[in-house]
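Secondary and tertiary structure notes
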Amino acid sequence: MKKIIEPKIKFTDYFIKDNYEYSIDNKEFDQNNIEDFSNITFNSCIFNKIDFNDIKLLNVEFVDCIFNNCDLSNKSFENAGIHRVIFNNSKLIGVSFSEVNLKNVMFNNCNLRYSNFYDVNVDNLLFSECTLEESYITECHFKNIDFDRCTLNKVTILRLKHIGFDLSNSSIEDINIDLQSLKGISVNMIEAAMLARYLGIIIKD
């Protein structure tokens, strides 16, 4: 996998509500200055320790942004563009990425349990030490994706288009994956035996 291009942030100022129109640039947010946003592009912004449960995000895009210790559970990013964005130590339980473009995105130590990735176009995506248990990944287009020491137990993976990815150092117990998605992935010997059982293949000594 090629190296993730990280967010390009030269400076940030603390966000104070003003007459922004279509974009917010070079701002820093916390629980005290966050508000509902719609039809906005965030450029070079940092979000620190924010619980987004009561915050509305409608038709937003994120470019060159960082989320640190945030709670984005059950948020929907339908039709959003998320480019050069890092999520650090954040909760994204039940989050929905539907028809989203993810380019140069990194999830570090995040909880994405029950998340939904549907018809997502991916170009350079890294999950590092994340849990995606019982999530759905369906009809996505993957180009350069990596799962590093992740938990994908009981994940459903269906109808993927990809050029290969590596699950060999991640946990995939009780994974539900179809033949189309299985083709080209890398797994370790234990996982290979487990997947063979799922496919009805009998391995003899």
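We now turn to the structure provided with this report. Note that the structure is predicted; figures quoted are calculated from it, not measured.

Of regular secondary structure, the protein chain possesses 2 helices and 18 strands. Relative to the compact-globule value of 17 Å for 205 residues, the protein chain shows a C-alpha radius of gyration of 18 Å, a close match. Considering only C-alpha atoms, the protein chain reaches an extent of 70 × 30 × 25 Å along its principal axes. Going through the 205 residues of the protein chain one by one, you find that 49% of them count as buried. Taken as a whole, the protein chain presents about 10700 Å² of accessible surface, with 46% of it coming from carbon and sulfur. Charge centroids of the protein chain, computed over 21 positive and 30 negative side chains, lie 4 Å from each other.

Here the focus is the pattern of salt bridges. Applying the stated criterion across every chain yields a total of 6 salt bridges. A salt bridge links Glu129 to Arg149; the nearest nitrogen and oxygen atoms lie 3.9 Å apart. Taken together, the residues span a long stretch of sequence, with Glu129 in the loop between β13 (121–128) and β14 (136–138) and Arg149 in the loop between β15 (141–148) and β16 (156–158) at a distance of 20 residues. Under the relative-accessibility criterion, Arg149 is labelled partly exposed at 45%. For Glu139, the salt bridge identified is with Arg159, shortest N-O distance 3.0 Å. Here Arg159 lies in the loop between β16 and β17 (161–162) and Glu139 lies in the loop between β14 and β15, a separation of 20 residues in the sequence. Look at Glu139 and you get partly exposed, because its relative accessible area is 30%. Where salt bridges share partners, they join Glu129, Asp148 and Arg149 into one cluster.

The rules behind each value
- Residues numbered from 1 in each chain as written.
- Predicted model: local features only at pLDDT ≥ 70, side-chain atom pairs only at ≥ 80, totals over all residues.
- Heavy atoms only, no water.
- Helix = DSSP H or I, 4+ residues; strand = E, 2+ residues; numbered from the N terminus.
- Rg over C-alpha atoms; globule rule 2.2 N^0.38 Å.
- Buried < 20%, exposed > 50% of the residue type's maximum accessible area, 1.4 Å probe, protein only.
- Areas by Shrake-Rupley, 256 points an atom, 1.4 Å probe, with all protein chains shown as cover.
- Lys, Arg positive; Asp, Glu negative; His and termini not counted.
- Charge placed at Lys NZ, Arg CZ, Asp CG, Glu CD.
- Salt bridge = Lys/Arg side-chain N within 4 Å of Asp/Glu carboxyl O.

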